[in-house]
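As a plain string of letters, each chain reads:
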Amino acid sequence: MSVKEYSLKKDGDKKVSKDFSVREFRCKDGSDKILISPETVKILQSVRDYFGRPVKINSAYRTPAYNKKVGGVSSSQHVKGTACDIAVEGVPPKAVAAYLEAMFPDSGIGLYNTFVHIDTRGRKSYWKDTGSNVVSTFGQGKLYEKYKAAKQDTEKQPEEEEMTQAEFDKMMNHYLEELAKKAPHKWSEADRKWAEEKDIVRGDSDGEKKYQSFVTKEEVTAMLHRMAEAEKKDS
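Residues numbered from 1 in each chain as written. Predicted model: local features only at pLDDT ≥ 70, side-chain atom pairs only at ≥ 80, totals over all residues. Heavy atoms only, no water.

J.: How would you explain the overall build of the chain if you had to name every residue and give the values?
T.: The helix and strand tally for the chain stands at nine helices and eight strands. Relative to the 2.2 N^0.38 estimate, which gives 18 Å for 235 residues, the radius of gyration of the chain is 34 Å and therefore markedly larger than a compact globule would have. In terms of overall dimensions, the chain has a C-alpha envelope of 100 × 40 × 35 Å along the principal axes. Looking at the chain as a whole, 33% of its 235 residues qualify as buried. Restricting the contact set of the chain to residue pairs at least 6 apart, pairs at least 24 apart contribute 57%. As displayed, the chain has an accessible area near 15,600 Å², and 51% of this comes from carbon and sulfur atoms. (Helix = DSSP H or I, 4+ residues; strand = E, 2+ residues; numbered from the N terminus. Rg over C-alpha atoms; globule rule 2.2 N^0.38 Å. Buried < 20%, exposed > 50% of the residue type's maximum accessible area, 1.4 Å probe, protein only. Contact = heavy atoms within 4.5 Å. Areas by Shrake-Rupley, 256 points an atom, 1.4 Å probe, with all protein chains shown as cover.)

This is the structure in structure tokens:
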């Protein structure tokens with residue numbers, strides 16, 4: 001499998017795919033050298049695109065010294081730059097493993113409680129919890145189909161049609177007409193009576209006050225002026 005070498009200092013912010021940068025594959029000991037397998041990156045991007053959620057890389061490239069420090073075997077795919085331990089936000093590891101098994105069967109896949117190991121060693125190798133707990137299959141096909149069906153249902157949802165200005169105006173006119181028909185509340189009866197007696201609220205040409213309607217600045221200005229005139233008469 002092809003592997004590319006990068007520098008954390010020089011290439012850290014460089015994109016290796018749409019959603020992943022070199023920095024995310026660095027060794028946790030802070031060393032500058034980073035080995036990355038393009039094939040592994042493609043798999044991670046595929047996982048990101050399928051689930052539509054962020055993919056956190058818990059561990060990718062490891063220097064031999066760091067790999068030994070964390071208890072990894074000397075032949076670990078992490079040392080070769082071909083492996084990643086990942087977790088998908090909001091998705092159980094079993095579902096991630098099910099997807100990888102279905103889409104990339106000839107890979108190294110390890111299923112753990114909180115993450116999934118994926119590597120491009122060039123041959124099939126599955127295990128659960130530890131590298132010695134080898135299995136022939138994860139038996140999570142139904143879980144993969146469940147996520148696949150949910151994704152397809154989401155994709156089939158029709159896009160909302162944009163409303164034209166004419167349609168919006170028609171909808172708003174209907175809303176305002178219905179609002180104007182509503183009767184005022186009982187609690188405002190005394191206030192309404194006072195406003196009408198003071199000639200502050202006059203209503204339209206038909207005498208309709210339409211107390212539940214919105215008030216324009218023009219109407220507010222007129223009412224304020226009438227109120228001021230009423231106060232002059234009372235003083």
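Structure's up, so let's keep going.
J.: Before we move on, can you summarise a nonpolar patch on the surface with the specific residues and values?
T.: A surface patch of nonpolar side chains, about 440 Å² in accessible area, is lined by Trp194, Val215, Val220, Leu224 and Met227. Of all the elements, helix α9 (residues 217-234) adds the most residues to the nonpolar patch, at three residues. Looking at the secondary structure, you find Val215 in the loop between α8 (189-197) and α9. Residue Val215 is classed as partly exposed on the basis of its relative accessible area, which comes to 46%. (Patch = residues over 30% accessible without salt bridge, like charges linked within 9 Å, V, L, I, M, F, W, Y side chains within 5 Å. Salt bridge = Lys/Arg side-chain N within 4 Å of Asp/Glu carboxyl O.)

J.: If you had to explain the packing of aromatic side chains to someone new, which residues and values would you point to?
T.: If you walk through the whole model with that rule in mind, you get seven aromatic pairs. Residues Tyr50 and Tyr99 carry aromatic rings whose centres are separated by 4.5 Å and whose planes lie at 20° to one another, so their mutual orientation is stacked. Here Tyr50, found in helix α2 (residues 38-51), pairs with Tyr99, found in helix α5 (residues 93-103); they are 49 residues apart in sequence, far enough to count as distant. Judged by its relative accessible area of 12%, Tyr50 is buried. Here the aromatic rings of Tyr99 and Phe104 are separated by 6.4 Å at their centres, their planes lie at 75°, and the arrangement is edge-to-face. Three or more aromatic residues joined by ring pairs make a cluster, and in this case those are Tyr50, Phe51, Tyr99 and Phe104. (Phe/Tyr/Trp six-rings, centres within 6.5 Å; stacked < 30°, edge-to-face > 60°.)

J.: Tell me what's going on with the sheet that holds strand β3 (residues 55-59), and back it up with residues and numbers.
T.: Spatial ordering of the open sheet is given by β3-β4-β6-β5-β7-β8, a layout of six strands whose pairing is mixed. Edge positions in the open sheet fall to β3 and β8 (134-135), since each of these has one partner strand only. Direction of pairing for strand β5 (residues 108-111) relative to strand β6 (residues 116-119): antiparallel, over a ladder of four bridges. Note on β6: the bridge partner recorded for Ile109 is Ile118. Strands in contact with α2 are β3, β4 (83-88) and β6; relative to β4, the strand with the most contacts, it is inclined by about 10°. (Pairing = 2+ DSSP bridges. Axes fitted to C-alpha atoms, helices over the stretch in contact; angles between N-to-C directions.)

J.: So what about unusual backbone geometry? Which residues, and what values?
T.: With phi around 65°, Asp199 is a residue other than glycine that occupies positive phi space. Inspection of the secondary structure puts Asp199 in the loop between α8 and α9. On the basis of relative accessibility, which here comes to 34%, the residue Asp199 falls in the partly exposed class. The backbone of Lys210 shows a phi angle near 50°, a positive value even though the residue is not glycine.

Scope: geometric values only; no functional claims are made or implied.
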